[in-house]
Amino acid sequence: MKIIGTIFTAMMLLMLASCDYGPKSSRGFTLPDGNVEYGRQYFVEFRCIDCHTVAGNEDDMNAPEGIDPIMNVHLGGKTTQIKTYGELVTSIINPSHKVSEQYRMTPAPDAQQSMMRNYNSIMTVDELIDIVAFVQSQYELEPYTPTVYMPY
Ligand code: HEC
């Protein structure tokens with residue numbers, strides 16, 4: 001029985017490893033350095049501020065008509081893990097890739113679709129790179145505090 005368990009574990013590990021390097025993996029993905037200041041401007045121009053507040057920029061980056069309270073998705077701030085380029089680019093060009101239940105379009109042609117706007121045919125790659133640089137720079141790495149377990 002033990003050997004079956006070992007083979008099973010080995011197979012699972014192999015499957016996980018092969019997923020990482022599949023044709024759709026992010027292996028080999030890097031972006032040129034973006035310009036944070038331009039990114040900040042694009043963030044306002046593209047009206048990302050209609051749905052997003054960015055930590056520390058609440059005073060100068062507000063949507064003129066105010067933000068939709070249901071939609072407000074906070075970006076930036078303290079985090080234990082800075083979002084990678086890959087995660088941020090995916091969130092912008094493929095927001096429906098990982099949609100939280102609360103932001104699903106209902107009713108939508110496709111229930112998986114995010115309520116986030118699609119910018120793919122209007123945003124240039126340069127703009128995307130700068131926006132990603134801006135958003136990434138707004139996160140602040142917080143040292144990870146391990147859970148303290150009380151001794152019995
Ligand atoms: C119409 C509202 C709306 C607009 C406009 C919008 N977003 Fe979003 N955005 C969302 C929602 C809702 C989510 C939450 C993810 C989801 O479930 O779709 C999201 C998620 C994100 C995330 C991932 C956040 C996380 O913590 O994982 C990033 C990054 C992001 N948006 C960037 C942008 C940028 C950059 C723009 C402008 C170019 C933009 N968004 C415009 C609604 C919007």
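This structure is a prediction, so every number in the text was calculated from the model and none was measured.

Criteria and thresholds
- Residues numbered from 1 in each chain as written.
- Predicted model: local features only at pLDDT ≥ 70, side-chain atom pairs only at ≥ 80, totals over all residues.
- Heavy atoms only, no water.
- Helix = DSSP H or I, 4+ residues; strand = E, 2+ residues; numbered from the N terminus.
- Buried < 20%, exposed > 50% of the residue type's maximum accessible area, 1.4 Å probe, protein only.
- Contact = heavy atoms within 4.5 Å.
- Polar contact = N/O pair within 3.5 Å; in protein donor to acceptor, adjacent residues only side chain to side chain.
- Near = heavy atom within 4 Å.
- Nonpolar A, V, L, I, M, F, W, Y, C, P; charged D, E, K, R; others polar.
- Lys, Arg positive; Asp, Glu negative; His and termini not counted.
- Salt bridge = Lys/Arg side-chain N within 4 Å of Asp/Glu carboxyl O.
- Arc of directions from axis to C-beta.

### Focus on the overall build of the protein chain
If you tally the helices and strands in the protein chain, you get 4 helices and 4 strands. Mapped in sequence order, the helices and strands of the protein chain form the string α-α-β-β-β-α-α-β. When burial is assessed residue by residue, the protein chain has 28% of its 152 residues classed as buried. Expressed as a percentage of contacts within the protein chain between residues at least 6 apart in sequence, the contacts between residues at least 24 apart total 59%.

### As for the side chain of His 52
Along the chain, His 52 turns up in strand S1 (residues 52-54). Residue classification places His 52 among the buried positions, given a relative accessible area of 13%. At a separation of 2.8 Å, a polar atom in the side chain of His 52 contacts the main-chain carbonyl oxygen of Val 73.

### Re the site of the ligand
Close to the ligand lie 23 residues; Cys 48, Cys 51, His 52, Ser 114 and Met 116 are nearest. One nitrogen or oxygen atom from the side chain of His 52 is found 2.7 Å from a nitrogen atom belonging to the ligand. Elements with a minimum of two residues in the shell around the ligand: strand S2 (73-75) and helix H3 (85-93). Per-element accounting of the shell around the ligand gives the leading share, 3 residues, to H3. Within the shell around the ligand, the residues separate by chemical class into 16 nonpolar, 4 polar and 3 charged.

### A word on the side chain of Asp 130
You can see Asp 130 is positioned in helix H4 (residues 125-137). The side chain of Asp 130 is buried and forms no salt bridge, while Arg 40, the nearest opposite charge, is found at 12 Å. Within the structure, the side chain of Asp 130 is placed 2.7 Å from the backbone nitrogen of Asn 35, a separation counted as a polar contact. Setting aside anything within four residues of it in sequence, one finds Asp 130 in contact with Gly 34, Asn 35, Tyr 38, Gly 39 and Tyr 42.

### Observations concerning H3
Of all the residues in H3, the buried ones are Leu 88, Val 89 and Ile 92. Down the axis, H3 shows its buried residues gathered within 95 degrees of arc, on one side only. On its buried face, H3 is in contact with H4.

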